[in-house]
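Here is how the chains run, residue by residue.
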Amino acid sequence: MFKNFIAGEWLDGARVSRNINPSDTRDLVGEYAQADAAQARLAVASAEAAFPAWSLSTPQQRFDILDAVGSEILARRTEIGDLLAREEGKTLPEAVGEVTRAGHIFKFFAGEALRPGGELLPSVRPGVGVEITREALGVIGIITPWNFPIAIPAWKIAPALAYGNCVVFKPADLVPGSAWALAEILSRSGLPQGVFNLVMGRGSEVGTVLLEDARVSAVTFTGSVGTGQKVAAACVARMAKFQLEMGGKNPLIVLDDADLDVAVNCAVQSGFYSTGQRCTASSRVIVSEGLQQRFVAAMVEKMKTLKVGNARQTGIDIGPVVDQTQLNQDLDYVRIAQQEGASLAFGGEALAENAEGQPGFYLRPALITETSPEMRINREEVFGPVVSVQTARDYEHALALANDTPFGLAAGIVTRSLNHATHFKRHSQAGMVMVNLPTAGVDYHVPFGGRKGSSYGSREQGRYAAEFYTVVKTAYTLP
């Protein structure tokens, strides 16, 4: 039994959830405590009580704790990566890479704790000095998704603590293992009682407390658009600060002058790796008509070489999707696309088991061609290894198709033209733009976030994280 961590103690929950390995549904990863609303309120109260002292802790104290957490994560990256692959389904190299990123994030924000910044300015009034500083907000409610079960918690928890806030952390129900492993490290890091709390449980109970409790100063959320809208409405109702990272329908433009090998690599890496379960995945590939046939043929040949199987086994390219619900959704979108007139160029079928006979949620990556902008496959987020192809007459048409979406997280272009690359970086309606690179794959020390329906609020990661986790204070002094 893996327990919740509240007020410095490991506590049983009101219920228990079973964590199942999507690569082998016979494998029970573990049983995890599920908190109820009362325990969630206890965690909030604990964080509120700890805030006055922690917000005034020294930069050195915060640095030492966060740096130690980062060091332990990096030292145990193989062990924790195996757990992540086992419970979420991304391949072992991808899982170890995600854990490594989490360790680097904690070390980055350890450094940021030593660089609080500020300004000292003269007033327009003689003899008056002006100080501009940033202070911690208070209790931060952190709600994270299942697709990056340690990296996304890291890039929310680390800055929250670095800037002097206290945390109540609710991970996704599907992936409690990675969250618990991170919490266990934090529980031994030297954090004072109540500064960090892990509350595993249902969104309808734990999540509701974080949204409605007046003691929670801010909520940072990554997940679906529908849930994000509910987070926004609840926070606005009580004037709490909130930050949302939601969906994406990210385009990858491939122009006639593109290096075909680079284009295929970008499309495969972005669309299918991590089983396509990334908000930055390129699920729409927009190809100039002169290269379209060669591109599709090359994609199919590459996709034939991709090995689908147990995420923890050597040589596997694509692991399972996370659960049966997600598998059903992926299959539904493949079927809907065909019903609307698209063609299935490759894949798209469920595999009841892998080559070793292990039952899991396996799907052969799908490439869907002959699609048009109004089709649901090009409008709605699938969140699986399903990629659609659209044909563009020229660059201008491709840009228009790329921007024709209610989302705006990431966008990419593959081209040898400096003019087109430069124009695209300026005119793409996305928060992050890649040139000759996969759209999935971002650095931890620079801003992360999108536009339109993908994001709301200030950016995450890097030094821009301070915008959300702190409040500006202006002080005037007459000596």
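Cut-offs used in this document
- Residues numbered from 1 in each chain as written.
- Predicted model: local features only at pLDDT ≥ 70, side-chain atom pairs only at ≥ 80, totals over all residues.
- Heavy atoms only, no water.
- Helix = DSSP H or I, 4+ residues; strand = E, 2+ residues; numbered from the N terminus.
- Expected span 1.5 Å × (residues − 1).
- Buried < 20%, exposed > 50% of the residue type's maximum accessible area, 1.4 Å probe, protein only.
- Contact = heavy atoms within 4.5 Å.
- Polar contact = N/O pair within 3.5 Å; in protein donor to acceptor, adjacent residues only side chain to side chain.
- Pairing = 2+ DSSP bridges.
- Axes fitted to C-alpha atoms, helices over the stretch in contact; angles between N-to-C directions.

### Some details on helix 9 (residues 260-272)
Here is step 1 of the chain: Taking 1.5 Å per residue as the helical rise, helix 9 with its 13 residues ought to reach 18 Å, and the 18 Å between its terminal C-alpha atoms agrees with that figure.
Here is step 2 of the chain: Among the residues of helix 9, those classed as buried are L260, A263, V264, C266, A267, V268, S270, G271 and F272.
Here is step 3 of the chain: Residues of helix 9 that are buried sit in contact with strand 12 (250-254), strand 13 (282-288), helix 10 (292-305), strand 17 (366-369), strand 18 (386-392) and strand 20 (410-414).
Here is step 4 of the chain: Here helix 9 starts with a cap whose side-chain oxygen sits 3.0 Å from the backbone nitrogen of D261, and that cap is D259.
Here is step 5 of the chain: After helix 9 finishes, the residue S274 shows a positive phi value of roughly 55°.

### A few points about the side chain of Q292
Here is step 1 of the chain: On the secondary structure map, Q292 appears in helix 10.
Here is step 2 of the chain: Owing to a relative accessible area of 16%, Q292 belongs among the buried residues under this scheme.
Here is step 3 of the chain: When neighbours within four sequence positions are excluded, Q292 is seen to be in contact with V287, V389 and T391.

### Re the sheet that holds strand 6 (residues 129-136)
Here is step 1 of the chain: Strand order in the open sheet made by the 3 strands is 5-6-24, with antiparallel pairing throughout. Strands with a single pairing partner mark the edges of an open sheet, and in this sheet they are strand 5 (119-122) and strand 24 (470-477). Direction aside, the axes of adjacent strands within the sheet are offset by 25° on average.
Here is step 2 of the chain: Both strand 6 and strand 24 contribute to a ladder of 8 bridges, which runs antiparallel.

### Quick word on the sheet that holds strand 21 (residues 432-435)
Here is step 1 of the chain: Strand order in the open sheet made by the 7 strands is 14-17-18-13-12-20-21, with mixed pairing throughout. Each end of this open sheet is capped by a strand with a single partner; those strands are strand 14 (343-346) and strand 21. Strand-to-strand twist of the sheet, defined as the mean angle between neighbouring strand axes without regard to direction, takes the value 25°.
Here is step 2 of the chain: Relative to strand 18, strand 13 runs parallel, the two being bridged by 5 bridges. Along strand 18, the bridge assignment pairs I286 with Q390.

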